[in-house]
Amino acid sequence: SQKIEQNSEALNIQEGKTATLTCNYTNYSPAYLQWYRQDPGRGPVFLLLIRENEKEKRKERLKVTFDTTLKQSLFHITASQPADSATYLCALGTYSSASKIIFGSGTRLSIRP
Amino acid sequence: DVKVTQSSRYLVKRTGEKVFLECVQDMDHENMFWYRQDPGLGLRLIYFSYDVKMKEKGDIPEGYSVSREKKERFSLILESASTNQTSMYLCASSYPTGGTEAFFGQGTRLTVV
């Protein structure tokens, strides 16, 4: 069956360092991959999308890579800040009109001052 | 400001009750989704709908049904609530074109006693 794994349940890093989160998938050929941020008690909020024919996407301090051979995406936050502390979720989907979006279990990121 | 609104933030229901969770979106989105979120398991798709009166099962549809009579409204129904359905329920909507972001409601924390 389709499976998405975010291989760190929790990640703690020092402020100013680069945080790197990993998303791996199996038994799936996604057309695109998304990353969301979720704060406690709230719904996820979309951050970035990367398509299967793209290797890398950037948005301000965020960078996402997508390797369809390795079936992996890396999500980087550079110059991390305590305000970046949250749970980050990756999600996969296809282009069919009835596409469903499948989420990973998330990585809880804590940035310590 | 785009909005997905879930009818209740917190609900407490008794075992065996029929429970209705309502979700309304104001973005004219074709796709709507119901997920449940449990610690360590991430977001799991219960049902999704890609048009009025159309629905497809997600990964965990057992014990649930859905209704979409109008484009803006997607209801999740627990036919006979059980304690293992205690969870955070999240509704989302998106355009049908693959890759567009999903917008989430604030979530309903359901406790079945």
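For the structure itself, look to the data block above.
**Looking at the sheet that holds strand β7 (residues 62–67) of chain A**
Residues and elements named next belong to chain A. With respect to topology, five strands assemble into an open sheet ordered β1-β3-β8-β7-β6, the strand pairing being antiparallel. Either end of the sheet is taken by a strand with one partner, and the two such strands are β1 (3–5) and β6 (56–59). Averaged over all pairs of adjacent strands, the angle between their axes in this sheet comes to 15°, without regard to strand direction. Where β6 and β7 come together, four bridges link them in antiparallel fashion. Residue pairing across strands places Lys57 opposite Val64, the latter belonging to β7.

**Some words on the pairing of strand β5 (residues 45–51) of chain A**
Residues and elements named next belong to chain A. Direction of pairing for strand β4 (residues 32–38) relative to β5: antiparallel, over a ladder of six bridges. When the sheet's bridge partners are listed, Leu33 is paired in β5 with Ile50. Between β4 and β5, which follow one another and run antiparallel, lie six residues, and Gly41 among them has a positive phi close to 75°.

**Some details on the side chain of A:Asp84**
Checked against the element boundaries, A:Asp84 lands in the loop between β8 (72–77) and β9 (86–93). Those residues in contact with A:Asp84, other than ones at most four positions away along the chain, are A:Arg37, A:Arg61, A:Ile77, A:Leu109 and A:Ile111.

**What to know about the interface of chain A and chain B**
The figure often quoted for interface size is the accessible area lost as the parts come together. Facing 24 residues of chain A, the contacting portion of chain B comprises 25 residues. Taken over both partners, the interface formed by chain A and chain B buries close to 1800 Å², and the fraction arising from carbon and sulfur atoms is 55%. On inspection of chain A and its partner chain B, the count reaches zero salt bridges. For the pair chain A and chain B, the number of links is five residue pairs in polar contact (both at pLDDT 80 or more). Elements with a contribution of two residues or more to the side of chain A that touches chain B: β4, β5 and β10 (102–103) of chain A. Of the residues forming the side of chain A that touches chain B, the biggest block, four residues, is contributed by β4(A).

Here is what the cut-offs are and how they apply
Residues numbered from 1 in each chain as written. Chains lettered and ligands numbered in written order. Predicted model: local features only at pLDDT ≥ 70, side-chain atom pairs only at ≥ 80, totals over all residues. Heavy atoms only, no water. Pairing = 2+ DSSP bridges. Helix = DSSP H or I, 4+ residues; strand = E, 2+ residues; numbered from the N terminus. Axes fitted to C-alpha atoms, helices over the stretch in contact; angles between N-to-C directions. Contact = heavy atoms within 4.5 Å. Buried area = accessible area lost by both parts, 1.4 Å probe. Salt bridge = Lys/Arg side-chain N within 4 Å of Asp/Glu carboxyl O. Polar contact = N/O pair within 3.5 Å; in protein donor to acceptor, adjacent residues only side chain to side chain.

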